[in-house]
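# Summary of structural features
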Amino acid sequence: FLAVFCGFLAENQREHMVEHNREKEFMKSMLEDLRTDSIKLTLMMEFFETVKSKYDSVNILLAPPVTVTALLRAYRIIAELDDIANFNYTNRTVSQLKNAGGFRIIRKQEVASGIADYDAFVINNFSHGQDDYQLFFHELEKLKRTVFDYEIINKMGRWSVGKLGTMDVSQFIRSPEWDNDSLLISMISAYQKNYRSEARTEAYSKLRNELAGNIRMIDYGPNYGFVVLINKASSLIELIRKQYHLQ
């Protein structure tokens, strides 16, 4: 009986060690995911600060009286403006934990709660915020097309795939016509003649208002979400490192 009992204890201890090592491996993987997210979030914040700056520049250039030179500068900003990007959540480890039976494998309750909170924030708040921004973007795009001739913009260059850190992003490739001011100004002037002065002024005003609204929306929506999420990631990284003695 004693031998059986000791064997049982040894097997129980072995299973305990296996689960402990498995838990620690999950936490190492979780740290990698959180650090990857932190890098992505920092890049996204920089991206949207650039978008805000370009929105503001176009807003100023379209303030009356609008000259053809100012319009050319606005065209160049709009042509190179990539103003939408989505945060791709690194949920590799969280998905593995869920598939392994939820967060029960994590013995430290504070860590389990922190990971669950982080995951819930992304799913319940952040994803919806990006959907809202998509709607704002499409409304802005409609108004841009009432001011700018996209045949001219297409002549100025084309879009390709580039990199923002480790993320794939759109990259604008300028055409030879990009620096041909006289050609572009003549095309812009010809396009302007298709519309009455009052109609152009109204279109400029509506676009400027939408640009100002989108600047506010970026601060309230995506940027707010980025700040909250990067703070959650930082706190969770420190908690996991401390609780599991990891670097």
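See the structure printed just above.
Structural notes, computed from the coordinates. Computed from a predicted model, the values in this text were never measured in an experiment. (Residues numbered from 1 in each chain as written. Predicted model: local features only at pLDDT ≥ 70, side-chain atom pairs only at ≥ 80, totals over all residues. Heavy atoms only, no water.)

## Digging into the environment of Arg 174
Considering the arrangement of structural elements, one finds Arg 174 in strand β2 (residues 167–174). Judged by its relative accessible area of 48%, Arg 174 falls in the partly exposed class. Between the C-alpha atom of Arg 174 and that of Glu 80, which follows or precedes it by 94 residues, the distance is 8.6 Å. Arg 174 has contacts with Glu 80, Met 156 and Gly 157, leaving out every residue within four places of it along the chain. A polar atom in the side chain of Arg 174 sits 2.8 Å from the side chain of Glu 80. (Helix = DSSP H or I, 4+ residues; strand = E, 2+ residues; numbered from the N terminus. Buried < 20%, exposed > 50% of the residue type's maximum accessible area, 1.4 Å probe, protein only. Contact = heavy atoms within 4.5 Å. Polar contact = N/O pair within 3.5 Å; in protein donor to acceptor, adjacent residues only side chain to side chain.)

## Some thoughts on helix α7 (residues 197–220)
Between its terminal C-alpha atoms α7 stretches 35 Å, which fits the 34 Å expected from 24 residues at 1.5 Å a residue. Here α7 has its buried residues at Ala 203, Tyr 204, Leu 207, Glu 210, Leu 211, Asn 214, Ile 215, Met 217 and Ile 218. (Expected span 1.5 Å × (residues − 1).)

## Comments concerning the packing of helix α2 (residues 68–79) against helix α6 (residues 181–192)
As a packed pair, α2 and α6 sit with axes 10 Å apart at the nearest point and diverge in direction by 105 degrees. With respect to their mutual orientation, α2 and α6 come out roughly perpendicular. Of α6, the residues touching α2 (which contributes Val 68, Leu 71, Leu 72, Tyr 75 and Arg 76) are Asp 181, Leu 184, Ile 185, Ile 188, Ser 189, Tyr 191 and Gln 192. Broken down by class, the residue content of the contact of α2 with α6 amounts to eight nonpolar, two polar and two charged. (Axes fitted to C-alpha atoms, helices over the stretch in contact; angles between N-to-C directions. Parallel < 35°, antiparallel > 145°, perpendicular 65-115°, else oblique. Nonpolar A, V, L, I, M, F, W, Y, C, P; charged D, E, K, R; others polar.)

## Quick notes on unusual backbone geometry
Here the residue pair Pro 64 and Pro 65 is connected by a cis peptide bond, since its omega of -5 degrees sits within 30 degrees of zero. Positive phi, close to 55 degrees, is recorded for His 245, a residue that is not glycine. With respect to the helices and strands, His 245 occurs in the segment after α8 (222–244).

## Quick look at the nonpolar core
Counting 68 residues, the largest nonpolar core has Met 27, Ile 106, Phe 148 and Ile 240 as its most contacted members. With 13 residues, helix α1 (residues 2–61) is the single largest residue contributor to this core. Residue contacts for Phe 148: discarding those within four places in its chain leaves Val 58, Ala 74, Tyr 75, Ile 78, Ile 153, Tyr 191 and Leu 207. (Core = buried A, V, L, I, M, F, W, Y, C linked by side-chain atoms within 4.5 Å.)

## Here we look at the layout of surface pockets
One number sums up the size of the largest pocket: a volume of about 470 Å³. Among the elements of the structure, α2, α4 (109–147), α5 (150–156), β1 (157–164) and β2 are those that each provide at least two residues to the lining of the largest pocket. Looking at which element gives the most residues to the lining of the largest pocket, the answer is β2, with five residues. Residue classes in the lining of the largest pocket are distributed as 14 nonpolar, five polar and seven charged. (1 Å grid on protein atoms, 1.4 Å probe; cavity = no way out; pocket = protein on both sides within 12 Å on 5 of 7 lines; lining within 4 Å. Points joined across faces, edges and corners; volume = space filled by probe spheres on them.)

## Thoughts on the pattern of salt bridges
Summed over the entire model, instances satisfying the criterion amount to 16 salt bridges. Residue Arg 92 is joined to Asp 33 by a salt bridge in which the shortest nitrogen-to-oxygen separation is 2.7 Å. Highlighted residues: Arg 92 in helix α3 (residues 92–99) and Asp 33 in helix α1, separated in sequence by 59 residues. Judged by its relative accessible area of 38%, Arg 92 is partly exposed. Asp 33 sits in the buried class, given a relative accessible area of 3%. Here Glu 141 ties to Lys 144 by a salt bridge, and the two come within 3.1 Å at their closest N and O atoms. Placement of the pair is Glu 141 and Lys 144 together in helix α4, with a separation of three residues, close to one helical turn. One exposure class covers both Glu 141 and Lys 144, and it is buried. Residues participating in the shared-partner salt-bridge network are Glu 32, Asp 33 and Arg 92. (Salt bridge = Lys/Arg side-chain N within 4 Å of Asp/Glu carboxyl O.)

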